[in-house]
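# Structure assessment
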Amino acid sequence: MDSTIYLIRHGETVWNRTGRLQGHLDAPLTHAGLAQAHAIGRDLRQVLGGADFLMTASPLGRTRQTAAIIAEHLGLDFDAIVLDDRLKEITLGDHDGYGGWDKIDRDHPELAEQRRRDPWNFQHPNGESTQMVQDRLRPVLEHLKATPGIHVVIAHGVVNKVFRGLYLGLSKEETFALDRPQNAYFRLTGGTEARLEVDVDATVSAGI
């Protein structure tokens with residue numbers, strides 16, 4: 001039996017809504033973010049149809065909150081979720097929590113120029129590069145691919161792009177160009193990717 005990975009981004013947070021950069025800092029889910037998590041949980045319950053699965057998540061607050069909601073829809077106890085530090089979002093180091101990319105570029109033009117010259121290997125002070133994120137994700141992906149069965153993974157925008165890029169064998173440029181939706185998730189199996197859209201509005205109107 002091959003492995004199938006359902007890759008999910010956490011729901012919208014307060015800082016997502018305002019454009020503030022999170023990294024390893026955290027902000028709670030908005031009402032829309034809660035609705036997104038519920039919508040994905042309900043959709044995934046139908047997709048899995050009662051099949052056994054393992055759930056792995058980043059230990060940051062926004063992913064734990066999203067994972068808890070999805071796990072409840074799937075009938076999984078929260079304590080059964082494996083929390084893996086390697087799934088944490090890319091950190092901007094000293095600039096985690098900054099007000100936005102435009103503010104960083106305005107306040108630190110020299111860093112903005114460095115990032116433009118080599119975005120893949122650029123690091124903010126005490127932060128990570130995209131290459132460093134890829135290096136820590138590679139063994140996670142290899143383990144999941146080598147472990148037959150269904151895996152539900154809840155992580156972050158940049159992390160999920162890099163994870164998908166690794167799985168699909170994409171170039172750096174192709175990886176950067178990937179989207180990072182919060183109203184859809186991805187099924188990775190057999191070396192291919194399928195995007196699964198969810199109806200968030202229906203969840204909101206249901207009063208969840």
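So, here's what we can say about the structure. (Residues numbered from 1 in each chain as written. Predicted model: local features only at pLDDT ≥ 70, side-chain atom pairs only at ≥ 80, totals over all residues. Heavy atoms only, no water.)

## Details of the environment of Ser 129
- Counting through the fold element by element, Ser 129 comes out in the loop between α5 (109-117) and α6 (130-146).
- A C-alpha to C-alpha distance of 7.6 Å links Ser 129 and Ile 90, two positions 39 residues apart in sequence.
- Not counting residues within four places of it along the chain, the set of residues in contact with Ser 129 comprises Ile 90, Trp 120, Asn 121, Phe 122 and Gln 123.
- In this structure the side chain of Ser 129 is engaged in a polar contact, spanning 3.1 Å, whose partner is the backbone nitrogen of Met 132. (Helix = DSSP H or I, 4+ residues; strand = E, 2+ residues; numbered from the N terminus. Contact = heavy atoms within 4.5 Å. Polar contact = N/O pair within 3.5 Å; in protein donor to acceptor, adjacent residues only side chain to side chain.)

## Brief notes about the packing of α6 against helix α7 (residues 157-168)
- Where α6 meets α7, the closest approach of the two axes is 9 Å, and the angle between their N-to-C directions is 60°. One element, α6, and the other, α7, form an angle in the oblique class. α7 is crossed by α6, and the crossing has right-handed handedness. Touching Thr 130, Val 133, Gln 134, Arg 136, Leu 137, Arg 138, Val 140, Leu 141, Leu 144 and Lys 145 of α6 are Val 159, Val 162, Phe 163, Leu 166 and Tyr 167, all from α7.
- Here the contact of α6 with α7 is composed, by residue class, of ten nonpolar, two polar and three charged. (Axes fitted to C-alpha atoms, helices over the stretch in contact; angles between N-to-C directions. Parallel < 35°, antiparallel > 145°, perpendicular 65-115°, else oblique. Left-handed = near helix turned anticlockwise from the far one by under 90°. Nonpolar A, V, L, I, M, F, W, Y, C, P; charged D, E, K, R; others polar.)

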